[in-house]
Amino acid sequence: MNTITIPKTKYQAIVRQANAYRKLASNFASQMIETPIKVVVGNFNATEKYSQAFLDDLEDGLNDLRESRLWKSK
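All figures in this text were calculated on a predicted structure; none of them were measured in a lab.

Engineer: How would you summarise the overall build of the chain if you had to cite specific residues and measurements?
Structural biologist: Counting its secondary structure elements, the chain contains 4 helices and 0 strands. For the chain, the α and β elements follow one another from N to C terminus as α-α-α-α. Taken over 74 residues, the chain has a buried fraction of 11%. As displayed, the chain offers around 6,500 Å² of accessible surface, 55% of which is attributable to carbon and sulfur atoms.

Engineer: Can you break down the nonpolar core residue by residue, with the values?
Structural biologist: One broad rule of soluble globular proteins: the nonpolar side chains tend to lie buried together. With 6 residues, the main nonpolar core is built from I37, V40, V41, L55, L58 and L62. L55 has contacts with V41, F44, N45 and Y50, leaving out every residue within four places of it along the chain.

Engineer: Outline a nonpolar patch on the surface, listing residues and values.
Structural biologist: On the surface, a cluster of nonpolar side chains totalling about 480 Å² of accessible area is made up of I4, I6, Y11, I14 and V15. Its location among the elements puts I6 in the segment before α1 (8-34). Judged by its relative accessible area of 37%, I6 is partly exposed.

Engineer: Requested: an account of unusual backbone geometry, with residues and values cited.
Structural biologist: Located in the positive-phi region is E48, a residue other than glycine, with phi close to 60 degrees. Mapped onto the fold, E48 is located in the loop between α2 (37-46) and α3 (52-67). For E48, a relative accessible area of 73% corresponds to the exposed category.

Engineer: Which residues make up the packing of α2 against α3, and what are the values?
Structural biologist: Closest axis-to-axis distance for the α2/α3 pair is 10 Å, and the angle between their directions is 155 degrees. With respect to α3, the axis of α2 lies roughly antiparallel. Handedness of the crossing formed by α2 with α3: right-handed. Residue-level inspection shows I37, K38, V40, V41, F44 and N45 of α2 in contact with α3, the latter providing F54, L55, L58, E59, L62, N63 and R66.

Engineer: Can you explain the packing of aromatic side chains? Please cite residues and give values.
Structural biologist: If you walk through the whole model with that rule in mind, you get 3 aromatic pairs. Here F44 and Y50 contribute two aromatic rings whose centre-to-centre distance is 5.2 Å and whose plane-to-plane angle is 55 degrees, an arrangement assigned as tilted. A network of ring pairs unites the aromatic residues F44, Y50 and F54 as a single cluster.

Calculation notes
Residues numbered from 1 in each chain as written. Predicted model: local features only at pLDDT ≥ 70, side-chain atom pairs only at ≥ 80, totals over all residues. Heavy atoms only, no water. Helix = DSSP H or I, 4+ residues; strand = E, 2+ residues; numbered from the N terminus. Buried < 20%, exposed > 50% of the residue type's maximum accessible area, 1.4 Å probe, protein only. Areas by Shrake-Rupley, 256 points an atom, 1.4 Å probe, with all protein chains shown as cover. Core = buried A, V, L, I, M, F, W, Y, C linked by side-chain atoms within 4.5 Å. Contact = heavy atoms within 4.5 Å. Patch = residues over 30% accessible without salt bridge, like charges linked within 9 Å, V, L, I, M, F, W, Y side chains within 5 Å. Salt bridge = Lys/Arg side-chain N within 4 Å of Asp/Glu carboxyl O. Axes fitted to C-alpha atoms, helices over the stretch in contact; angles between N-to-C directions. Parallel < 35°, antiparallel > 145°, perpendicular 65-115°, else oblique. Left-handed = near helix turned anticlockwise from the far one by under 90°. Phe/Tyr/Trp six-rings, centres within 6.5 Å; stacked < 30°, edge-to-face > 60°.

Here you go:
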């Protein structure tokens, strides 16, 4: 295993960023849960920035999430 040494202030900043990301991701996920998958994919499609392959993968991933144990535990 490699060890990297960084200043304590840098480490604390990284920890704060990680915690903020977790909160943001959790909030985003909880909002996504409440929105029907077709609506989410439709919103992405409406921007015309995403390929059909991406949209298909997004829909599949959201369907997989809803079928997962994590989803059912919420």
